Amino acid sequence: MRIIGLLGGVASGKTLVAQELARLGAGLLDADQAGHQVLRMPHIQQAIRARWGPDVFGPDGQVDRSRLAQRVFGPSPQAEADRLYLQEITHPEIGQLLRQQAQQLAEQGCPAAVLDAPLLLEVGWDRWCDKLVFVDAPLEVRQARAVQRGWSADDFTAREAAQWPLDKKRLRADIIIDNSGSLEYTRRQVLQFWQSLIPGPPYP
């Protein structure tokens, strides 16, 4: 099974490209969803509570991701240290879940899987990938999309600063998909890439 890794800036449209690849027959390896699962693990919650106290937990007793994000995304040395600590305790567990999912997809005969992970290069998961796809969109377009998600300008800047520079990601990519235009324009590029990777009959 081929694994396609997605790269790009914050709100560039990686999830859209992942969904389009899934529509064509790819399996999905969603690191964000795996992250949700990991934050429900008792030993992870215990470590989070020991580091940040009860304030990052919601009324349901689960980790409140937005409260936790306020602690770990920011320009201060403490925020950076907190972010690195969170990655240290969660990324091994997330990676394990993703590997299990990939194995299941391979056993089901899936021809390819797409890995959507914000820190794919930063944590070294690119070594699992056969192809790396950079999803490109101008800064102003990405900022507008982030606002639609309910993010502030500071939220966007903090998330972007926590990742590798875009130029560095772009250089690592095997292909670039321009997601600055219409959905149909993006779909055509995704289809062309898929057909080059998985030859076969006409696709939807």
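Please refer to the structure placed before this passage.
Small disclaimer: the values here were computed from a predicted structure and weren't measured.

## Re the sheet that holds strand E2 (residues 27-30)
Consideration 1: Pairing is parallel in the open sheet, where 5 strands are placed in the order E2-E3-E1-E4-E5. The sheet is open, and its two edges are formed by E2 and strand E5 (175-178), each paired on a single side. Across the sheet, the mean angle from the axis of one strand to that of its neighbour is 25°, orientation sign disregarded.
Consideration 2: Looking at chain direction, E2 and strand E3 (residues 112-116) are connected through 4 bridges and run parallel. Following the sheet pairing, leucine 29 is matched in E3 by leucine 115.
Consideration 3: This element, helix H5 (residues 77-107), spans E2 and E3 of the sheet and lies at about 175° to E2.

## Focus: helix H7 (residues 153-161)
Consideration 1: Along H7, the positions that sit buried rather than exposed are Phe156, Ala158 and Glu160.
Consideration 2: Packed against the buried residues of H7 are helix H6 (139-148) and helix H8 (166-172).

## Some thoughts on the packing of aromatic side chains
Note on aromatic pairs: each is described by the distance of the centres and the angle between the planes.
Consideration 1: The full count for this structure, using the stated rule, is 2 aromatic pairs.
Consideration 2: Relative to tyrosine 85, the ring of tryptophan 52 lies with its centre 5.9 Å away and its plane at 65°, an arrangement referred to as edge-to-face. With tryptophan 52 in helix H3 (residues 42-52) and tyrosine 85 in helix H5, this pair connects stretches of sequence that are 33 residues apart.
Consideration 3: Here tryptophan 52 falls in the buried class, since its relative accessible area comes to 8%.
Consideration 4: Their ring planes at 20° and their centres at 5.6 Å tell us that tryptophan 125 and tryptophan 128 sit as a pair that is stacked.
Consideration 5: Classification of tryptophan 125 by relative accessible area gives buried; the value is 6%.
Consideration 6: A cation over a ring is seen here: arginine 149 above tryptophan 151, with NZ or CZ 5.4 Å from the ring centre.
Consideration 7: Over the aromatic face of tryptophan 164 sits the side chain of lysine 168, whose NZ or CZ is 3.9 Å from the ring centroid.

## Brief notes about the nonpolar core
Consideration 1: Membership of the largest hydrophobic core comes to 36 residues, with the highest contact counts inside it found for Ile48, Leu68, Leu98, Leu115, Leu120 and Trp125.
Consideration 2: Those elements that provide at least two residues to this core are strand E1 (2-8), helix H2 (31-38), H3, helix H4 (65-72), H5, E3 and strand E4 (131-136).
Consideration 3: Sequence-distant contacts of leucine 68, that is, excluding residues within four places in its chain, are made with Ile48, Trp52, Val56, Val63 and Leu86.
Consideration 4: Membership of the second largest hydrophobic core comes to 17 residues, among which are Ala26, Ala112, Val114 and Ile198.

The rules behind the values
- Residues numbered from 1 in each chain as written.
- Predicted model: local features only at pLDDT ≥ 70, side-chain atom pairs only at ≥ 80, totals over all residues.
- Heavy atoms only, no water.
- Pairing = 2+ DSSP bridges.
- Helix = DSSP H or I, 4+ residues; strand = E, 2+ residues; numbered from the N terminus.
- Axes fitted to C-alpha atoms, helices over the stretch in contact; angles between N-to-C directions.
- Contact = heavy atoms within 4.5 Å.
- Buried < 20%, exposed > 50% of the residue type's maximum accessible area, 1.4 Å probe, protein only.
- Phe/Tyr/Trp six-rings, centres within 6.5 Å; stacked < 30°, edge-to-face > 60°.
- Lys NZ or Arg CZ within 6 Å of the ring centre and 35° of its normal.
- Core = buried A, V, L, I, M, F, W, Y, C linked by side-chain atoms within 4.5 Å.

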